[in-house]
Protein chains: 2
Amino acid sequence: MPKTMSAMVLTGHGGPEKLVYYNDFPVPQPGAHDVLIEVSACGLNNTDIKVREAQYAVDFDPNSDLDETSAAASIAATNGETGLSFPRIQGADIVGRIAAVGNKVSQDRVGERVLVDFSIYHAKDTDGSPRMDLSNVDYIGHGADGGFADYVVVPALNAHKIQRNIPDAELATFGCATLTAEHMLSRVSAKSGDKILITGAGGGVGSAAIQLARARGAIPYAVTSRGKEEQILSLGAEACICRQDFTDQSGGFDKDAFLVAVTEATRSNRSVDVVIDQVGGSMFHGLLQALRPDGHYISAGTISGYTPRINLHTVYMAFLNIHGSSQGQPEDFARIVDYIEAGKIGPTLGGIFPLSQLHHAQKTFQAKNYVGNIVVVPDAKWKEFGEPDARR
Amino acid sequence: MPKTMSAMVLTGHGGPEKLVYYNDFPVPQPGAHDVLIEVSACGLNNTDIKVREAQYAVDFDPNSDLDETSAAASIAATNGETGLSFPRIQGADIVGRIAAVGNKVSQDRVGERVLVDFSIYHAKDTDGSPRMDLSNVDYIGHGADGGFADYVVVPALNAHKIQRNIPDAELATFGCATLTAEHMLSRVSAKSGDKILITGAGGGVGSAAIQLARARGAIPYAVTSRGKEEQILSLGAEACICRQDFTDQSGGFDKDAFLVAVTEATRSNRSVDVVIDQVGGSMFHGLLQALRPDGHYISAGTISGYTPRINLHTVYMAFLNIHGSSQGQPEDFARIVDYIEAGKIGPTLGGIFPLSQLHHAQKTFQAKNYVGNIVVVPDAKWKEFGEPDARR
């Protein structure tokens, strides 16, 4: 085993310049219950960028005048107390092969190809198994070093063996976004026959939600930008609503046009059972109005602003339910592994880059001109796991 | 049976002047499945006033510039399409004695003292029993004439016999507010040991929620205005938080002071399981922040504004759940009747007026300088059911 490795290391909160590529970073050592994984691919996430910018560190009062989109304001408001220590290797959606195991883990696992559940469950059940305590959950790439490196150490329980024959880079498109989407569907008890309206359908969570909704027999309707319809429909969306159809000249949101489009797509008025939202902002009220009485809205992200106004009158007259969610639970991840093995969900690889080009990969990620997830491959593994699947 | 009666008749949308007192209004006739009730007392509700002002008729876009508190704007925005027809007798919380029955109802019921479930369930189950369809529910005093009169006709199933020995005027404090509060607790599955933070605790829904939370073993914490603490504590509140402690000089809401007060009352930080809210407005964000992770907020009214900003970031990072509710289901009402008969909840009579003085009663109701509900008694019954319990 080498003593040093290549790694993209986050050296502090700030812009991309805080991500520094090292060729001589120490290879981590597995603890008794851990495995050491030789990374072959690692998926990108919005969370990595938001954490770098310290956007999760503060809980803005929406009545205040702070600019909600200013990373600088976010960082300033934290007084340096973000819970993150440096250096830190980010990267949550890890695929690789087990290269070594701790002394409480079976040696038989060496060589297994694995997909990593990135959740760190600090709380334990009475039998010692990890339990999701929502106030006490962290994740790999934040509370511990992640997969933007040649090697990573994770708890053995988090490393799930995958036998289905798909390339490693494609396998790395599952993970954070998939778990987030599955947990959202679970929290609202989405069931067979439900109409599920999914915003940001071209993104990681959105594209996963389309497939996962179908996997449980529900009917997904997608909201996305023009040009992505074909791919979105091929993922399983019943219909595609184009953002351009309800965005006016100045970029504003035309709620009435949106509701007409939803009614046309779902073939009835206010009949949506569940909204899976990653957009928020000016769309928020329209999304609530698309719901049937007693319908469920759930958010795990807010691409277009996170402090919209809420009409409580609408909420109580229509008995609406609004939920927030992030990450997921072990049973959600187990279900995803089953879906992958059974071929019920497939990868959506939006792009692939060498790890050393992470800055460029994140720029592409943020431009959102693709469907699915973007993946990086360690430079040393590029010929084997990157080049064959590279699409740009 | 007399042919005419006294009644306070709503003649159109608008101010109190639209409520006109008649001495020669026709006595209604029961249909086959109905009972005719000789009214002895009828409780007041915010809903009566909001419906008169047509505030429920429109579903404002919170992004618009309309003044949310303007009744005139509400009425103008409806184009006259509010779903209400005139003349209409309002009054939902009816107590009285069955004076006559339809030909499908047992004659034995004549003479029963009853409390009326005001819900009109248009939808029926396959066995013909009423079923709550949230998109198809109405109520007595809106979709049919109510209890601001000497007589009222209601479906026999809605008239619940009450044997507990409490005065009719006190019995009329149960009803709309009680059902609303019980359904809110049901929707969020409030259970024994839960910490329940209740705003507007001096009001009808709030004071009912305190008792109903205790009835299911939960621990209610009240938010109210100074001067009402003693009464609120006697209803069963574990602690009382005074609005004046977190309202600044200019009437603004001091969120940090509020959260400190909640932490002191509940003896730990962000540990509230359920918020039962009737206030909304500038308190909204602070109420969400008082919740534990995966906690539940539920609104059935918004005394201080219904389009606050929501911080979706707070909602998804803390896995929060936000619900709206109004009215309730038959099983909620049945539970309330059981609680009344068992003495688990008691009446909170805030005032009592002759029916002809409804204008004055509603002014008192809106000033909110009392705890519980305000009741009117038909003038012809004042000596028997009003005077003995009159407190002002």
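This is a predicted model, so every value here is computed, not measured.

Undergrad: Hey, could you run me through the overall build of chain A in this one?
TA: Scanning chain A from terminus to terminus reveals 12 helices and 18 strands. For a compact globule of 392 residues, the expected C-alpha radius of gyration is about 21 Å, and chain A comes in at 21 Å, within 12% of that figure. In chain A, of all internal contacts separated by at least 6 residues, the share reaching a separation of at least 24 is 69%. For chain A, the exposed surface amounts to about 15000 Å²; the carbon and sulfur share of it is 47%. Averaging the positions of the 34 positive and the 45 negative side-chain charges in chain A gives two centres separated by 3 Å.

Undergrad: I would appreciate a short explanation of the sheet that holds strand β13 (residues 239-242) of chain B in the present structure.
TA: Backbone hydrogen bonds hold the strands of a sheet together, and the pairing may be parallel or antiparallel. The 12 strands are arranged β13(A)-β12(A)-β11(A)-β14(A)-β15(A)-β16(A)-β16(B)-β15(B)-β14(B)-β11(B)-β12(B)-β13(B) in an open sheet whose pairing can be described as mixed. On the outer flanks of this sheet lie β13 (239-242) of chain A together with β13 of chain B, each paired with one strand and no other. Between one strand axis and the next, the sheet turns through 20° on average, direction left out of account. Pairing between strand β15 (residues 291-299) of chain A and strand β16 (residues 321-324) of chain A: four bridges, direction parallel. Within β16 of chain A, the residue paired with His296 of chain A across the bridge is Asn321 of chain A. Against the sheet, helix α7 (residues 255-266) of chain A contacts β11 (195-198), β12 (219-224), β13 and β14 (272-277) of chain A, and its axis sits at roughly 170° relative to β13 of chain A. Across the face of the sheet, helix α5 (residues 204-215) of chain B comes into contact with β11 (195-198), β12 (219-224) and β14 (272-277) of chain B while running at roughly 165° to β12 of chain B.

Undergrad: Help me out: how do you make sense of the pairing of strand β15 (residues 291-299) of chain B in this one?
TA: Successive residues of a regular strand alternate their side chains across the two faces of the sheet. Residues and elements named next belong to chain B. Relative to β15, β14 runs parallel, the two sharing five bridges. Bridge pairing links Asp277 to Ser299 in β15. Taken together, β14, helix α8 (residues 284-290) and β15 form a β-α-β motif whose crossover is right-handed.

Undergrad: What am I meant to see in the domain arrangement of chain A here?
TA: Interfaces are often sized by the amount of accessible area the parts lose when they come together. Residues and elements named next belong to chain A. Each assigned domain of chain A is listed with its residue range as follows: domain 1 (4-174 + 347-385) and domain 2 (177-324). For domain 1 and domain 2, the distance between their C-alpha centroids amounts to 27 Å. In this complex, domain 1 contributes 19 residues to the contact, which on the side of domain 2 involves 17 residues. Summing both sides of the interface, domain 1 and domain 2 together bury roughly 1400 Å²; the carbon and sulfur share of this comes to 53%. For the pair domain 1 and domain 2, the number of links is zero salt bridges. Inspection of the domain 1/domain 2 interface yields three residue pairs in polar contact (both at pLDDT 80 or more). Within the side of domain 1 that touches domain 2, the residues separate by chemical class into seven nonpolar, seven polar and five charged.

Undergrad: Can you walk me through the pattern of salt bridges in this structure?
TA: Where charged atoms from two side chains of opposite charge approach closely, those side chains can pair. All names here are of chain B. The full count for this structure, using the stated rule, is 28 salt bridges over all chains. For the salt bridge of Glu182 with Arg216, the shortest nitrogen-to-oxygen distance reads 2.8 Å. A residue pair is termed long-range when its members are at least 10 positions apart, and Glu182 in helix α4 (residues 176-187) and Arg216 in the loop between α5 and β12 qualify at 34 residues. For Glu182, a relative accessible area of 0% puts it in the buried group. A salt bridge links Asp332 to Arg335; the shortest N-O distance between them is 3.3 Å.

Undergrad: Is there a simple way to explain the sheet that holds strand β2 (residues 19-26) of chain A in this structure?
TA: Residue and element names in this part refer to chain A. Strand order in the open sheet formed by three strands is β2-β1-β4, and the pairing between neighbours is antiparallel. Two strands in the sheet have a free side with no partner beyond their single neighbour: β2 and β4 (88-89). Where strand β1 (residues 4-10) meets β4, two bridges bridge the pair, whose relative direction is antiparallel. Bridging across to β4, Val9 finds its partner in Ile89.

Undergrad: What exactly am I supposed to notice about the relation of the copies chain A and chain B here?
TA: Two copies of the chain are present, and they differ by a rotation about an axis and a shift along that axis. Rotating chain A by 180° about the axis while translating it 0.0 Å along that axis superimposes it on chain B, leaving an RMSD of 0.0 Å. Taken together, the rotation and translation describe the operation of a two-fold axis. Relative to the rotation axis, the closest C-alpha in chain A is found at Arg309 of chain A, a distance of 2.0 Å. An overlap of 100% is found between the interface residues of chain A and their copies at the interface of chain B, pointing to a shared contact surface.

Undergrad: Any chance you could explain the interface of chain A and chain B here in plain terms?
TA: Contact residues are listed per partner, giving 48 residues for chain A and 48 residues for chain B. Both faces considered, chain A and chain B share a buried interface measuring about 4200 Å² in area, 57% of it formed by carbon and sulfur atoms. On the chain A side of the interface with chain B, the three residues burying the most area are Arg309, Tyr316 and Phe319 of chain A, jointly 20% of the side's total. For the pair chain A and chain B, the interface holds two salt bridges. There are 16 residue pairs in polar contact (both at pLDDT 80 or more) connecting chain A and chain B. For the side of chain A that touches chain B, the elements supplying multiple residues, two or more each, are α4 (176-187), α8 (284-290), β15, α9 (312-317) and β16 of chain A. Ranked by residues supplied to the side of chain A that touches chain B, first place goes to α9 of chain A with six residues. A per-class count over the side of chain A that touches chain B returns 20 nonpolar, 20 polar and eight charged. Bridging between β16 of chain A and strand β16 (residues 321-324) of chain B involves three bridges; their strand directions are antiparallel. What sits directly across from Ile322 of chain A, in β16 of chain B, is Ile322 of chain B.

Undergrad: Any chance you could explain the environment of Arg270 of chain A here in plain terms?
TA: Relative to the assigned elements, Arg270 of chain A resides in the loop between α7 and β14. Taking the C-alpha atoms as reference points, Arg270 of chain A and Leu259 of chain A, 11 residues apart in sequence, are found 8.4 Å from one another.

Undergrad: Explain the packing of α4 of chain B against helix α10 (residues 330-341) of chain B to me, please; I cannot follow it from the model alone.
TA: A pair of packed helices is captured by two measures, namely the crossing angle of their axes and the spacing between those axes. Residues and elements named next belong to chain B. Packing of α4 against α10 brings their axes to within 9 Å, and their N-to-C directions diverge by 110°. When the interaxial angle is binned, α4 and α10 end up roughly perpendicular. Relative to α10, the crossing made by α4 is right-handed. Across from Thr178, Leu179, Glu182, His183 and Ser186 in α4, the residues of α10 making contact are Asp332, Phe333, Arg335, Ile336 and Tyr339.

Undergrad: Explain the pairing of strand β5 (residues 93-101) of chain A here, please?
TA: All names here are of chain A. When strand β3 (residues 34-43) meets β5, the two strands line up antiparallel, connected through eight bridges. Bridging from a neighbouring strand, Val35 pairs with Val101 of β5. Here β5 runs beside strand β6 (residues 113-116); their pairing, made up of three bridges, is antiparallel. Within the sheet, the bridge partner assigned to Gly96 lies in β6 and is Val114.

Undergrad: I'm lost on the side chain of Asp93 of chain A in this one. Help?
TA: Residues and elements named next belong to chain A. Checked against the element boundaries, Asp93 lands in strand β5. Lys368 is the oppositely charged side chain nearest to the buried, salt-bridge-free Asp93, at an N-O distance of 12 Å. Polar side-chain contacts of Asp93 include one of 2.7 Å to the backbone nitrogen of Cys176.

Undergrad: Please explain the packing of aromatic side chains as it appears in this structure.
TA: Remark: the centre distance and the inter-plane angle together describe each pair of aromatic rings, the angle taken between the planes. Inspection of every chain in the model, using the stated rule, returns 14 aromatic pairs over all chains. Consider the rings of Phe253 of chain B and Phe258 of chain B, whose centres lie 5.4 Å apart with planes at 55°: the pair is tilted. The residues Phe253 of chain B and Phe258 of chain B share a single accessibility class, namely buried. For the pair Phe284 of chain B and Tyr297 of chain B, a centre-to-centre distance of 5.1 Å together with 85° between the ring planes defines the contact as edge-to-face. Highlighted residues: Phe284 of chain B in helix α8 and Tyr297 of chain B in strand β15, separated in sequence by 13 residues. Each member of the pair Phe284 of chain B and Tyr297 of chain B is classed as buried. Counting every residue linked through ring pairs, the aromatic cluster contains Phe246, Phe253 and Phe258 of chain A. Over the face of the ring belonging to Phe365 of chain A we find Lys368 of chain A, whose NZ or CZ atom lies 4.4 Å from the ring centre.

So, how was this worked out
Residues numbered from 1 in each chain as written. Chains lettered and ligands numbered in written order. Predicted model: local features only at pLDDT ≥ 70, side-chain atom pairs only at ≥ 80, totals over all residues. Heavy atoms only, no water. Helix = DSSP H or I, 4+ residues; strand = E, 2+ residues; numbered from the N terminus. Rg over C-alpha atoms; globule rule 2.2 N^0.38 Å. Contact = heavy atoms within 4.5 Å. Areas by Shrake-Rupley, 256 points an atom, 1.4 Å probe, with all protein chains shown as cover. Lys, Arg positive; Asp, Glu negative; His and termini not counted. Charge placed at Lys NZ, Arg CZ, Asp CG, Glu CD. Pairing = 2+ DSSP bridges. Axes fitted to C-alpha atoms, helices over the stretch in contact; angles between N-to-C directions. Right-handed = clockwise from strand over helix to strand, strands pointing away. Domains from an automatic or database assignment. Buried area = accessible area lost by both parts, 1.4 Å probe. Salt bridge = Lys/Arg side-chain N within 4 Å of Asp/Glu carboxyl O. Polar contact = N/O pair within 3.5 Å; in protein donor to acceptor, adjacent residues only side chain to side chain. Nonpolar A, V, L, I, M, F, W, Y, C, P; charged D, E, K, R; others polar. Buried < 20%, exposed > 50% of the residue type's maximum accessible area, 1.4 Å probe, protein only. Least-squares fit on C-alpha atoms with pLDDT ≥ 70 in both. Parallel < 35°, antiparallel > 145°, perpendicular 65-115°, else oblique. Left-handed = near helix turned anticlockwise from the far one by under 90°. Phe/Tyr/Trp six-rings, centres within 6.5 Å; stacked < 30°, edge-to-face > 60°. Lys NZ or Arg CZ within 6 Å of the ring centre and 35° of its normal.

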